[in-house]
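Topology and contacts: notes
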Amino acid sequence: MKCPALNTVHDALLMRELAACRSARWRIAALALLLICGATPQAEAQQALREAEVLDSTLAELRGEVTLPLNWDIVLPARSGRVVMKLRFDLAPAATAQAHVLLIERLGNAYRITVNGAELASGGALDEPRAPWAAKLPVVVNLPAGLLREHNTLRIDLRADGGRHAGLAIPVVGTPAQMRALVVKANWTHVVLPQAAAVWSILVALFCAMLWWQQREALFAWAALAEVFWAIALADGLIEAAVLPWPWWGLVIVTVRAGWALCLYAFAEQVIGPRPRAEFWSMVAVQAATPALVLAAMALDSTLPMRLGNLLKSGLWLVILSGLARDVRSDPRAEKLLTFAALLACVLAALRDGYAARFDAQLYADAACLTYVAPAMGVAVMWIVTKRFRQARHAAARLQATLVEQVQAKEQELQAGFERLAEVERSRATLAERQRILRDMHDGVGASLATAMRQLDSGQVSAAEVSKTLRDSMLQLKLAIDALNLPAGDVNALLASLRFRLQPTLENAGLVLHWQVDALPHWASGNDDAMRHLQYLLLEAVSNVLQHAQASEISVVACSAPDCITISVGDNGRGMGEGVCPRALRERAAAIGAQLRFESSEPGSVVHVILPLVHDS
């Protein structure tokens, strides 16, 4: 944002003169150093016009000679009016042929500037009291060479509104080269730096608002509100035409500054620690009363209410600062010290600005110190946020390290638990296998041996029958041992083992074996238990043929279809006796999810065992 008044001489003066400075960067560095130190560059032929003659005034108190600067609110508090002043400056005959520059750092509230009878600049409406135009920025006027004489007259028509910081700073006249540093300094102090401070406040406010939205911490809410209020207050100093007519816009700005002060107090309380409730409500009451004091000053046409309010605020802030100092001294942590220092600097700067505005006319043109000091509170906020973020990051790193250690410990614990469970599972599987073998031996071999013992004890059974019973026991034992080594789901291997064990027995019994077995697919459901049940089911079917069918031939046929495996055991005898084998076979088939189908024929019968195939989808 540029000062509007600078536009009148921008091309003729500043661009030409500043371009000359680009060839000597050290001059800019020296100027920056002067600005930082607060010094005012001087040149030999500059003329500061300190004496003015009042030609016309609407107020009797302002007559005759006036020494500048003129701070209207000090000379004529709460009064409004118009005045015409004449100032003189002389130039050497050779200097009249050169253009000059007139700089007035502060002039308002409305003005018209005339040099040697020629109007060169104006701002605001001279005939409209309390108009929005405030004339807050420096005024730079180009004085053409053809207009200048050895003895020159500068006339300034001025309209001032009471309580609006009206007045006239000391005009300075000089050549462009002589005035360059002063113009740049005025632009920096009244425009650039306040604008940068406003942008800084907006950025801090947005950042704190985002933090508050995420964390809902009151500290960030107060900081965001404070920075928003201060950005509005700074923007008021950069806007020449107010949004509302005077004094309503002034009432808005005073309220905004009161809100800023209250938010600063609340922010300090969040950082340094809780304050007494009486102190808090006193601050709220004093700041809330500010708009009422402004209205009272307007109604009484007096600055007394505002003076009393400012005095009350100053006293309250001093009490608050003393209390905060005690708290900080008892717990001198860095964030508390920084917040207290920033708050103290803001209060002192505000006191200085109040003194300059009400008591020292020589400081009229100076920029408000609070403009440059208040951003320190934003710096404190960002420092606190950075510190807390760093602490949170370190805490997160420590927590992560602790979690990693805990996870590793849990992993080791789980690994040990898995190993114990695996060992238990292995022991359980071994025990289950032993119990199965014992059960099979008890149900098969044990039953056959018991039968043989009963036969021997009875003395009524021939040796051939006892021998047959013992051979059956031996066959069942061998089949039980074969079942231990059968691959899961391999029906081909099971049938081959069964043929190997049964064929001698069948031949001894005089049976002719017809074997027709295709290459069978893998039986997905054929786990160890299922394979044993299938083995015993087929053995039971063959045993029934041997014991009951009185057949001369036996056939085993196995084939597959897309959805099943079918194993058929048939004979040419009189078939199985009704009620002898079906129940045992059906129980075995149900255990493995197989289907049984019986077919009777002349001669003999056939048992079909259908194993369903499960295909992966």
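What you are looking at is a predicted structure, and each value in this text was computed from that prediction instead of being measured.

It is worth spelling out the sheet that holds strand β6 (residues 100-104) at this point. Taken in spatial order, the 4 strands line up as β1-β13-β6-β10 in an open sheet, and their pairing is antiparallel. What marks the edges here is a single partner per strand, and that holds for β1 (47-48) and β10 (139-143). Two elements, β6 and strand β13 (residues 172-174), share 3 bridges in a ladder whose sense is antiparallel. Looking at the pairing, Leu103 lines up with Val172 of β13. Against the sheet, helix α4 (residues 176-215) makes contact with β6, β10 and β13, and its axis sits at roughly 25° relative to β6, the strand it touches most.

Moving on: the nonpolar core. Of all hydrophobic cores here, the largest spans 44 residues; its most connected members are Trp260, Phe267, Trp317 and Leu343. Looking at this core, the elements that each hand over two or more residues are α4, α5 (218-238), α6 (248-272), α7 (277-288), α9 (304-330), α10 (334-358) and α12 (375-458). At 9 residues, α6 tops the list of elements feeding residues into this core. Excluding residues that lie within four positions of it along the chain, Trp260 makes contacts with Ala226, Phe229, Trp230, Cys346, Leu370 and Ala374. Counting 39 residues, the second-largest nonpolar core is a separate cluster that includes Leu70, Leu76, Leu102 and Tyr111.

Before going further, it helps to examine the pairing of β6. Along β6, 5 of the 5 residues are buried, which leaves the element largely enclosed by surrounding structure. Along β6, one buried face is formed by His100, Leu102 and Ile104 and the opposite face, lined by Val101 and Leu103, is buried too. Sheet topology places β6 next to β10; 5 bridges connect them, and they run antiparallel. If you follow Ile104 over to β10, its bridge partner there is Val139.

Okay, a nonpolar patch on the surface next. A cluster of nonpolar residues, Val243, Leu244, Trp248, Val252, Leu295 and Met298, forms a patch on the protein surface that exposes about 510 Å² of accessible area. When contributions to the nonpolar patch are tallied by element, the ones reaching two or more residues are α6 and α8 (290-300). Considering the arrangement of structural elements, one finds Val252 in helix α6. Here Val252 falls in the partly exposed class, since its relative accessible area comes to 30%.

Time to look at unusual backbone geometry. Residue Pro69 is bonded to the preceding Leu68 through a cis peptide linkage, with omega at 10°. Mapped onto the elements, Pro69 comes out in the loop between β3 (65-67) and β4 (70-71). Put simply, Gly108 and Asn109 share a cis peptide bond, and its omega is 25°. Position of Asn109 relative to the elements: it lies in the loop between β7 (107-108) and β8 (110-115). One non-glycine residue with positive phi stands out, namely Asn116, at about 50°. Its place among the elements puts Asn116 in the loop between β8 and β9 (118-123). Relative accessible area serves as the criterion here: at 14%, Asn116 is assigned to the buried category. Notably, Arg130 is not glycine yet its phi reads approximately 60°, a positive angle.

Analysis parameters
- Residues numbered from 1 in each chain as written.
- Predicted model: local features only at pLDDT ≥ 70, side-chain atom pairs only at ≥ 80, totals over all residues.
- Heavy atoms only, no water.
- Pairing = 2+ DSSP bridges.
- Helix = DSSP H or I, 4+ residues; strand = E, 2+ residues; numbered from the N terminus.
- Contact = heavy atoms within 4.5 Å.
- Axes fitted to C-alpha atoms, helices over the stretch in contact; angles between N-to-C directions.
- Core = buried A, V, L, I, M, F, W, Y, C linked by side-chain atoms within 4.5 Å.
- Buried < 20%, exposed > 50% of the residue type's maximum accessible area, 1.4 Å probe, protein only.
- Patch = residues over 30% accessible without salt bridge, like charges linked within 9 Å, V, L, I, M, F, W, Y side chains within 5 Å.
- Areas by Shrake-Rupley, 256 points an atom, 1.4 Å probe, with all protein chains shown as cover.
- Salt bridge = Lys/Arg side-chain N within 4 Å of Asp/Glu carboxyl O.

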